[in-house]
Structures are given as structure tokens and as C-alpha cells.
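The chain contents come next:
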Amino acid sequence: MNVDLILQRFQRFGVDLGLERIQKLLICLDNPHQRVPIIHVAGTNGKGSVCAYLSAILTQAGYRVGRYISPHLVDWTERICINEQPISTPDLERVLSDVVAAIDPNEPSPTQFEVITAAAWLYFAQQQVDIAVIEVGLGGRLDATNVCDRPLVTAIVSISREHWQRLGPTLADIAREKAGILKPGCVAVIGKLPPEAKTVVEQRIQQLNCPTVWVEAAVPQTEKTPDGLTTAISQDIEYPLPLLGQVQLLNSAIAIATIKLLQQQGWQISPQAIREGMAKTRWLGRLQWTTWGDRRLLVDGAHNPAAALVLRQYIDSINGQFGDDVPKPITWVMGMLSTKDHADIFEALLRFGDRLYLVPVPEHSSAEPEELAALSRSICPNLKASEVYPDLVPALDAAIAESENLVVLCGSLYLVGYFLSLQNSTHHPQSISNP
């Protein structure tokens, strides 16, 4: 039975936060999570890139490193990696079959996310990883990854308004859920938080007596590496920054602070391993330069208002670098899930004279493109175009044909994943590079 068929049977249970089902399932699997030392990473945005930095650095340092992320962009195997290499499809089928066989039919069924999470724990234990970097799926306190009592380091990268339907309507509510991954006496690394969220996290840190590092953004350097990468300094370590956007100054500093804490615990990670690991870090679908046909375009998830602001900030930093002193309008190709804050995302991104091409997000609860088009025109009446297409391919083709300006695909990680799968199937070259 293939991976999709195995996991499809659990899709109907939806998102149902809670730890009781995953804990019972892991007991039936002989508690593999207790055999895997972990770094646990939560946050509204940025947690994926922090996990990517940590995995790359620890791999470069010579350790056997597991990494568990969600969602995947193209294939389920992306979620479970060892030393930067995705699990093979046969291995994932095997380990999922082991998990399914352990499910007690007399107990409430685990969700799809709980099944794949249990598979990650089991695989990492079987493969005897030295350490695993575990990304929280949703929230933290009741997330299926939150089953380890003694993480080596716990990191909270950022907190903004996302998944409020499940985590609560205020930043304080969301912060309370994310702070649920903190454990008594276990060291924590915390990024820049809004005051309302910071107050909640500080209270939890005090309650649990967690030694804490509050991270400041790294300092950018004027010098670049021989291959053109920007460099930065954090905690007296200078390193290259292969991932784009000013937000990576903070994300990378969180990774460096985490590595420093591991060093203090006896992990052997040299400055050279840090620099080389940072240089090798890759994170698909986030501020990624690639191509469609013979046209260059920028791809980014930008699936919530905070991520949209990061994307807009990056575009503003490069706009005008393409042979014109006057910033040019942007051509957007977008699709969004129905649950997202559409108006706030549009307000962050759209400007006078921009073009907007709207599409559905395939195989997910997509916002209606026609409704998004009406909303976009009310928020930014001076758009040059706001058009609806039934699928991504004709929208991309039209955007490229009708505009010589920068084309940006964004609005949903699932839409980005669909785009990358189209690239794979049509042999379009993929790339991650500086503009």
C-alpha cells in the first residue's frame, strides 16, 4: 500500500488537537520518542528556516540528524529527513505500516498528523539518530510533537495572529498555546515577540524556571562570500546567509543561540561546521528565485499577514535594482486558503499599479478567487488588473505574457507546492539564488 493510501484513511479525522491519542499510540510503539534527543521549535513564522539551519549545521558537525517538518510542499517524504535526505518512499511506507498496525481499534483513531508524527518518532529511533530537530505542527501545547519531557533546547521563533480559529482570538491566547512546549528547567531560546505575547511567555518561563536566551537579530555585514552570499554576525560568529529576507537575521541568530546552548551541553560543533552548515542551508518555497519557462519569478508562501509583510519588505529592498531607479509595480499570482486573513494579506502586499492574478488552491479548502478579486479591488482600487483563472498554469502564463515586471507567486504553501510539482513534472529547472 502506498503512502497516500495509508494516510488518506486518516484524513477524515481532520485537525483535532490533543495529546492523549498520540501518547497511547507511542506507548504501543514502545515509546520511540523517549529514545530521541530533540530540539523543539515553535513559532508562527520562521520555525521551518530555523529547523533547516539547525539540521544543516548539526549534519556538518558530523552528527546523525533527524528533522521533522510540516507541511510538505510536494511529497510526504519531505517531512522526515536524516542528514538533509528525505526518507525513501519504501521506508516511509514500511514505518507507516508499523504505526497503523499498532493502532488500537478499540480506542479513538489518531489523526493523519498524529500518524505521520508517530512514524517520524519511530523512524528516528530505528535509525538511531544522535539528535532530531522537531518542528511544531500547529500551536504547541496540544500539538502531537509535544510529547517529550526533556528537550535539549526549546525555541519559540515568533508569534503573530495565525490559526486563531483553533488557538484563540488574541495574541495572548496564541502565545499561551505556543509556550506550552516549554518544559520545567529546560533551556529556552526566544525570538522577538509582540509585548502582549512576550508577557505570557515570560510568565510561563518563570513558572517553569526555564533558563532563557532572548535573541537579538544578527548584525549584517558589508562583506559577501566569494559566491555572493550575504554575511552576518551573531554571538561573535560570522556566517553566510543563504536564505533571503531581513527576517533571516533573526531566524539565523535563533539557530546560532541554540547551537551555542548545545555546545554548553557538550555537543561538539566547531565554528567551521557552523559556517559551512549555514552556507549549505536550503528551504524551498520561501523567498525562492526560480523560473517558469524562460522567465524568472519569485516564489514564497506568504500565507499569513506577518509572512506577507516579510515578503513585501524583501521586494521593496530589491525593487528598483533591475535597471530602473523608480520602483516598478509587481505582478502577483495568488491563491489562498479559505481560513486565512485575506484582507490583511492583501493590505500587506498590494500597491498602486500592481497586477493580480487569482487562482484556487488545488485539493484544499480554497478561498473563492472571485471573492478575493472583489476584496482586492476594495482594498487597492488602483490595481492595474485583478483577474481570475481556473488554474495556476494559465494564470502564470498570462501574468508573464502581460507584464514585464517582477512576477511573484504567493499566498499559500500548498499553492507553492503545487507549482513545484508542476516544475518537476515538466522538467522546469528549479533554483534558489540571490536576485
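Conventions adopted
- Residues numbered from 1 in each chain as written.
- Predicted model: local features only at pLDDT ≥ 70, side-chain atom pairs only at ≥ 80, totals over all residues.
- Heavy atoms only, no water.
- UniProt positions renumbered as here; feature names shortened; annotations may be inferred.
- Buried < 20%, exposed > 50% of the residue type's maximum accessible area, 1.4 Å probe, protein only.
- Helix = DSSP H or I, 4+ residues; strand = E, 2+ residues; numbered from the N terminus.
- Pairing = 2+ DSSP bridges.
- Contact = heavy atoms within 4.5 Å.
- Phe/Tyr/Trp six-rings, centres within 6.5 Å; stacked < 30°, edge-to-face > 60°.
- Lys NZ or Arg CZ within 6 Å of the ring centre and 35° of its normal.
- Axes fitted to C-alpha atoms, helices over the stretch in contact; angles between N-to-C directions.
- Polar contact = N/O pair within 3.5 Å; in protein donor to acceptor, adjacent residues only side chain to side chain.

- Under the annotation held in an unreviewed UniProt entry, the protein chain carries the name tetrahydrofolate synthase and is attributed to Limnoraphis robusta CCNP1315.
- Checking UniProt for the protein chain, the heading Catalytic activity (unreviewed entry) contains the comment "(6S)-5,6,7,8-tetrahydrofolyl-(gamma-L-Glu)(n) + L-glutamate + ATP = (6S)-5,6,7,8-tetrahydrofolyl-(gamma-L-Glu)(n+1) + ADP + phosphate + H(+)".
- In its Sequence similarities (unreviewed entry) section, the UniProt entry covering the protein chain states "Belongs to the folylpolyglutamate synthase family."

Description of the pairing of strand S17 (residues 407-410)
(1) Moving on: Of the two faces of S17, the one lined by Val407 and Leu409 and the one lined by Val408 and Cys410 are each fully buried.
(2) Moving on: As paired strands, strand S13 (residues 295-299) and S17 are joined by 2 bridges and run parallel to one another. The partner of leucine 298 across the bridge, within S17, is valine 408.
(3) Moving on: Bridging between strand S14 (residues 331-334) and S17 involves 4 bridges; their strand directions are parallel. From the neighbouring strand, tryptophan 332 faces S17, where its bridge partner is valine 408.

Things to note about the environment of leucine 17
(1) Moving on: For leucine 17, the location among the structural elements is in the loop between helix H1 (3-8) and helix H2 (20-28).
(2) Moving on: In this structure the C-alpha to C-alpha distance between leucine 17 and threonine 111, which are 94 residues apart in sequence, comes to 9.0 Å.
(3) Moving on: Sequence-distant contacts of leucine 17, that is, excluding residues within four places in its chain, are made with Leu138, Leu142 and Leu167.

A closer look at the sheet that holds strand S2 (residues 65-68)
(1) Moving on: Read across the open sheet, the 8 strands follow the order S4-S3-S2-S5-S1-S6-S7-S8; overall the sheet is mixed. Looking along the sheet, the strands with just one partner apiece sit at the ends: strand S4 (85-86) and strand S8 (212-214).
(2) Moving on: One ladder, built from 2 bridges, connects strand S3 (residues 80-82) with S4; its direction is antiparallel. Pairing of isoleucine 82 across the sheet is with glutamine 85, part of S4.

Observations concerning the packing of aromatic side chains
(1) Moving on: Per the counting criterion, the structure on display carries 4 aromatic pairs.
(2) Moving on: Ring geometry for tyrosine 357 versus tyrosine 389: centroids 6.0 Å apart, planes at 35°, classification tilted. With a gap of 32 residues between them, tyrosine 357 in strand S15 (residues 355-358) and tyrosine 389 in the loop between strand S16 (385-388) and helix H14 (392-402) connect regions that are remote in the sequence. Both residues of the pair, tyrosine 357 and tyrosine 389, count as buried.
(3) Moving on: Sitting above the plane of the tryptophan 214 ring, lysine 198 keeps its charged end 5.0 Å from the centroid.

Looking at the sheet that holds strand S10 (residues 230-234)
(1) Moving on: Here 3 strands make up an open sheet; going across it, the order is S9-S10-S11 and the pairing antiparallel. Since the sheet does not close on itself, it has two edges, and those belong to strand S9 (219-224) and strand S11 (237-241), each with one partner. Direction aside, the axes of adjacent strands within the sheet are offset by 35° on average.
(2) Moving on: Of the strand pairs in this sheet, S9 and S10 are connected by 4 bridges, and their pairing is antiparallel.

Some details on the side chain of aspartate 354
(1) Moving on: Here aspartate 354 shows up in the loop between helix H12 (342-349) and S15.
(2) Moving on: The class of aspartate 354 is buried, set by a relative accessible area of 1%.
(3) Moving on: Within the structure, aspartate 354 has its side chain in polar contact with the side chain of tryptophan 332 (distance 2.9 Å).
(4) Moving on: Aside from chain neighbours lying at most four places away, what touches aspartate 354 is Arg312, Pro329, Ile330, Trp332, Leu349, Leu383, Lys384 and Ala385.

Topic: the side chain of histidine 72
(1) Moving on: In this fold, histidine 72 is placed in the loop between S2 and S3.
(2) Moving on: A distance of 2.9 Å separates a polar atom in the side chain of histidine 72 from a polar atom in the side chain of arginine 79.
(3) Moving on: Once residues within four sequence positions are removed from consideration, histidine 72 is found in contact with Glu78 and Arg79.

Description of the environment of glutamate 223
(1) Moving on: Along the chain, glutamate 223 turns up in strand S9.
(2) Moving on: The sequence separation of glutamate 223 and proline 240 amounts to 17 residues, and the corresponding C-alpha distance is 9.9 Å.

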